[in-house]
Structure formats: structure tokens, C-alpha cells
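# Summary of structural features
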Amino acid sequence: MDLDLSMPGLLWGTCPERLEAPAASRGWRRPSYQRQLKATRGALDTWRKRPPDEFCAALAAVRGPLAREGLRGAPLVEALAASVEAARRSLGVDIYDTQLFAALVMLDRRLVEMATGEGKTLAAALVAAVGALAGLRVHVLTANDYLVARDARTLAPFYTALGLEVACVTGGQDEAGRRQAYAASVCYVTARELVFDYLRDGLQRGFVRSDLQRRVKGLCGEHPQSGLIPGLSMAVLDEADSLLVDEAMMPLILSRTVSDSGARAFLWQARRLADALAEGVDFHVDQAGFRVDMTPAGYRHLGELTSGLGGRWRSPRLREAAVTLALLAQHAYRRDVHYVVCEGRVDIIDQTTGRRAPGRIWSRGLHGLIELKEGCRPSPDTETLARITYQRFFPRYLRLCGMSGTLAEAGRELRRVYGLDVVRVPTRLPSARQRLPLRLYVSQDALWQAVIERVAALRAAGRPVLVGTGSVSESEALSRRLAAAGVPHAVLNANFDVDEAEQVARAGSAGQITVTTNMAGRGTDIPLGDGVAAAGGLHVLSCQFNRSRRIDRQLEGRCARQGDPGSVETWLSADMPALAETGWGQVLARGGRRTPDGRLRVPEALLRMMLASSQWATGQADRRIRQALLRSDVEWEQGLAFGGPGE
């Protein structure tokens, strides 16, 4: 049973979810952001003339009306103008109109699609500052601990100039440090750290489920203990689509270790039984759907193998479920695609970001079975204490807003589930990105050979190249071929992620070749080295077929930022797993004419149509799954709204 861990009071709210847009969002008429932008620029002229002592006094006079009237009207304009001037005085940066426009949209409880390189970090800081000036505690959620610490440290002078405290929460921080950080006006933190602290607070309060229960316990003299997080007032989400869509269903589970030698022995036996079954005779594997279907012969064979075993093996349902899970671990989950083995443990690879997700585990014994498959010591058994998903967590904020470079495709879902509209912000300068024709090769061997020739030629011309691959194994296969061809390069994947930010930052140097997974799609800027712009800028060569067009756009957005030159092209092979699973790869390989270098002559318009239709179908299926999960969670909670704690 999932647990409602909402706290008492306005900031936490009392309804567990918001399945439709709130009344304020339904039928809304777009505010005149341009009028607000003009008013802010006008107020900025006054703030720039104020000396430091007068600046502080004027800012104090703004905070009262802002707290009383909320984030709207003249107090909002004055607070935003003061924040822009504070950024100029403390950081030496000028805020562009596009950043101001984005800040106004987010302060209006909306999501902003803002192209990469357009200054999202500063736009988020403006939003956080105005929210904090209004008396709200603001959480700025960003991608990883490195960015959390970097942004809090870099922006500290800005917040100090406004009389605000800024702090950050990172992994490994002790309880006292976390409590102090959450008490600050603005706290930078990853979503994962925040949610687990929220679950720990709920565990400390004894899993009080509803407002009615809280009142009953209060009448009985029981009062909730003080938690780490004072309340969920306002959140600013960086890379909002990752949290609200891509990772929306991922359960965040607070658990504890338990000793169960019987369960571990059961996994060993399940694996041994799975090894005794024959693929194609006893079972069939659906690689794309992550399914294993036992045949009638397989059921009979399994019954014969377990006839002498007692305990759980006497139950046909339990033994079939356990062995099917062992077959999935053996045949459907692939090393360096779905997980990596690091220091004797199995770490899941986040399929959206390409990064390792240490601490995340597969449930129902699957993780232990994969550890046995890889010869690792199985992790201790755990029991669930509390769990929640991002879909259920983020609507609990009083104010929620965010930004990303890729939101438009998910606009309808974001409006329906979270009540958040998406507004696109134009780029400050016209884009100079050059898009080259799409190519399809008959095999990965032909593809990698063509890639080697391509990057060698671009390197000779002084251009840096970022090659995006679909998995760790593909990135390392290409790396071996580049090394054999004598092409210097760097590799960035879940096995080599220690210096991620530094490697990405160097990817724009003249002649630099970087082979990466989706890890290079978000986060750190890629500045162009000396002479690179004159040579044509960064070239992105995408050799990956993603489930969503949004993820494609994230990688493409690494080049040609802020008006810089750059180019992007996509090269695929018909036999790459992600494309083969759609069925299109085999069709095109059989029907297309081939060039001597292994390239398939397929009309580009037809190829793009096929790929787009596959991504659309996959996106529709993923949305239906997310909707069903959310509906199930809400119905379960409502049906047990006055029940006690449990699993």
C-alpha cells in the first residue's frame, strides 16, 4: 500500500493528487507578458540609480506588499527588476529579455521551453529570488550533485545581494546539514535527494495519512515531529520534462535491509532452473517488450524439474513467476545497455540520461537475479517502508514551475496531469544550426566505418565532433574502432562518468572527438574553443534512435547555441537494437538499394516518416502506462484514505 506522506498546513496541501488542471488554468487567457516585461525594464532604470544603502531599503519596502498580494502586479514587477539589478551588481551579468520573459512565465505557474544555451540557470535564479522575497521557501531542482553544488556556489553573491540565504543538499550530507539547507530561503537539490528526505520525514511522523487523521491524533495529544523539510512551498524544476515525464513512473522506495536467507536460496534455485530450459522450445523472449512467454512444453518441463522440491516450488504460480523472472534477467536485460557492473555491484543505467543510477534497484528479485548472472554477490534483501513517484510528489507543491529545452511534445500530458501549460520562449539570436541529411546503413559495421571516416575528416578541418551512441556497449565498440584507426578521442558513458562536466566542457575544443551516450544531452555548456567558430562550430553526429523525439532534440541542442555556428546529422544502421525492435530496420534492409560503403538508398522523407511514426506510437504507449499508473495510485489511496500504515 502506498502511503500519503503529506504534512499539515497550507504549504503541504491536503489532496493527494491533481488529476486535471486547476480552475485557474482551465480556460485561461494568456497574460500580457510583453506588458509586464516592458514594466520591469522601466522599473529597472530606477533600481539602477539607487546606491547600495538605498537599494536595500527599497527592497525591504517591496517585500511586504509582495508577500501580501502574491506574485503579481506592481510588487512582482518591482521585485523582478530588483533581482535583475542584483544580478548585474553581484555577478556582473546583464539579463536578456528572453530570460526575463521566461522568468515571468514561470512566476505565472507555467513551464517554459527555452533552447539550450539561452541562460536557463539565471532565469531559474530570478524566479527563485522573487519567490523567496515573497516569503516562500524555494527548492530549485537540477540534474545532479555537481550542478547543485556549482549553482548554489556560483549564485551565492546574487542571493546575498538580495538579503536571501542560499544552500544546497547533496548526497552524503548529514542530517544537520540538510536541515540547515532546507531552512534557507533558496535550496538547490536533486529531486532524488529531496524526495527521499520527504519520505524520511513521513516515516518519522508515523505515516499519518490524511487531514482527518491528523486532527484525530492532535485531539489525542499526538503531534508530528519536526522533519527536515519545513514545507513544499515552491519548486523550480530544471529539465522539467525529465522529472515530470521521463522519470514520472519511477518509484522512489525508502527501504531497510532484512535478513532472509530463504529468499536468497530461492533466487539461486530459480536461476538454476532457468538455465535448464531451452529457448525456442520451453520459452520465447520478446526483447522489445521485455517479456518471456513459457510454452506448454516449458510448463511441463518446469513441473518435472521441480517435482522433488518442496516449499514455494510446490505452487505452480510461484515457480512459474520466479523462473520467468530469472529468464528475463538472463535474456532480456543486457550488460552495458540496461546496466553496468561497477566494483562488484550492478548499477542500473537510466535509459533517458545514460547515467548510472546507484542505489536504484529492480524489484521482485530481478536485481538479485541479474547480480547472480554477472557473478556479483547478491545485495541484502530489503523491505519497503515508504514509496512515492514523481507523478504523485510534485503536485503537492503550493507553486510549481520549471523549464527545459524540450517540452512541447509533452505539452498535453503536462497540462492534464499537473495543470501546467507550456510556453515557448524565442531564442535571443537566430539559430545558425545546419541540419544535414539523414543516413541509414545496412549494418553497424558499415556505420562505424563511415563514422570513423567522417570524424577524421572533420577533425582535420579543426572542428570538434560529438558522437552520440545508443548505449554503453555501442560507445565502447566505436571507441575501439577509433583507437584502432589512430583517431584520438574521449569516451563519456556510465562506465566513465567521474569527470563528466570537464569532458563535456572540453568537447568544443578544436579537433576534439567525444563519443558519448545520452549523458552529454543535458547539463553542462559546451563552449567553442579558439578558431572553432570560424571552422564551422561543433558538429553533432547522432548514431542513436530514441523512444522520444524530445531526447533526439536534447542531443542536437548541444551545437549551434546562442547564434554560434554548428551542424547536426543522424546516421543509423538497420540492425541497431533500438531500430530493429520497431520492425522498420529489417524492412528497409531488405528493400533498399545499397552503395558500396553499405549505405541504404532510402528516400529521406520516407525514412523520417517511419522513424517519427515509431516514436509517436511509443510515446502514446508510454503515456497510457503513466496515466494508468497514476489512476491506480490515486484510487488505491482514496480507497484506503483512513487506513493505517502498510505496504
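All of the points below concern the structure found in this document. (Residues numbered from 1 in each chain as written. Predicted model: local features only at pLDDT ≥ 70, side-chain atom pairs only at ≥ 80, totals over all residues. Heavy atoms only, no water.)

Below, the discussion takes up the overall build of the chain. Helix and strand counts for the chain stand at 24 helices and 23 strands. Within the chain, the proportion of its 647 residues that are buried is 52%. A separation threshold of at least 6 residues defines the contact pool for the chain, and within that pool the share at least 24 residues apart is 76%. Carbon and sulfur atoms make up 52% of the accessible area of the chain, which amounts to about 28200 Å² in all. (Helix = DSSP H or I, 4+ residues; strand = E, 2+ residues; numbered from the N terminus. Buried < 20%, exposed > 50% of the residue type's maximum accessible area, 1.4 Å probe, protein only. Contact = heavy atoms within 4.5 Å. Areas by Shrake-Rupley, 256 points an atom, 1.4 Å probe, with all protein chains shown as cover.)

Another point: the pattern of salt bridges. Throughout the structure, instances matching the rule amount to 29 salt bridges. Between D151 and R150 there is a salt bridge, and its shortest N-O distance comes to 2.9 Å. For D151, a relative accessible area of 6% puts it in the buried group. The closest approach of N and O atoms between E374 and R335, which form a salt bridge, is 3.0 Å. Residue E374 is located in the loop between helix 14 (366-373) and strand 12 (381-388), and its partner R335 is located in the loop between helix 13 (316-331) and strand 9 (339-342); the two are separated by 39 residues in the primary sequence. (Salt bridge = Lys/Arg side-chain N within 4 Å of Asp/Glu carboxyl O.)

Inspection of the secondary structure puts R319 in helix 13. The buried charged residue R319 lacks any salt bridge, with E320 as its nearest oppositely charged partner at 4.9 Å. The contact partners of R319, leaving out residues within four places of it in the chain, are L302, G303, T306, W313 and R314. (Lys, Arg positive; Asp, Glu negative; His and termini not counted.)

This part covers the state of the cysteines. For the coordinates displayed, the defined rule picks out zero disulfides. Considering cysteine sulfurs only, C187 is the nearest to C168, which forms no disulfide, with 7.2 Å between them. (Disulfide = S-S within 2.5 Å.)

Topologically, T306 is positioned in the loop between helix 12 (296-305) and helix 13. Only 2.9 Å separates the side chain of T306 from the backbone oxygen of L302, close enough to count as a polar contact. A polar atom in the side chain of T306 sits 3.4 Å from the backbone oxygen of G303. Residue contacts for T306: discarding those within four places in its chain leaves L273, W313 and R319. (Polar contact = N/O pair within 3.5 Å; in protein donor to acceptor, adjacent residues only side chain to side chain.)

This part is about the sheet that holds strand 9. Reading across the sheet, the three strands line up as 9-10-11 and stay open at both edges, with antiparallel pairing between neighbours. Of all strands in the sheet, those bounded by a partner on one side alone are strand 9 and strand 11 (356-357). (Pairing = 2+ DSSP bridges.)

Moving on, we come to the environment of D525. Looking at the element boundaries, D525 is found in the loop between strand 19 (513-516) and helix 20 (532-535). In this structure, the C-alpha to C-alpha distance between D525 and G117, residues 408 residues apart in sequence, is 6.9 Å. For D525, the contacting residues outside a window of four places in its chain are V504, A505, R558 and R561.

Let's shift gears to the packing of helix 17 (residues 444-460) against helix 18 (residues 472-484). With their axes 10 Å apart at the nearest point, helix 17 and helix 18 run at an angle of 55° to one another. By the criterion of interaxial angle, the relationship of helix 17 to helix 18 is oblique. Two packed elements cross with a definite hand, and for helix 17 against helix 18 that hand is right-handed. Where helix 17 abuts helix 18, its residues Q444, D445, W448, V451, I452 and V455 lie against E474, A477, L478, R481 and L482. (Axes fitted to C-alpha atoms, helices over the stretch in contact; angles between N-to-C directions. Parallel < 35°, antiparallel > 145°, perpendicular 65-115°, else oblique. Left-handed = near helix turned anticlockwise from the far one by under 90°.)

Going through the model one piece at a time under the given rule, you end up with 13 aromatic pairs. Here W47 and F55 contribute two aromatic rings whose centre-to-centre distance is 5.2 Å and whose plane-to-plane angle is 70°, an arrangement assigned as edge-to-face. Like F55, W47 is buried. Ring centres 5.0 Å apart and planes at 70° place the aromatic pair Y198 and F393 in the edge-to-face group. On the criterion of sequence distance, the pair formed by Y198 in helix 8 (residues 191-204) and F393 in helix 15 (residues 390-393) is long-range, its members being 195 residues apart. Members of the aromatic cluster, connected to one another through ring pairs, are Y198, Y390, F393, F394 and Y397. In this structure, R428 packs its charged tip against the face of Y96, placed 3.9 Å from the ring centre. (Phe/Tyr/Trp six-rings, centres within 6.5 Å; stacked < 30°, edge-to-face > 60°. Lys NZ or Arg CZ within 6 Å of the ring centre and 35° of its normal.)

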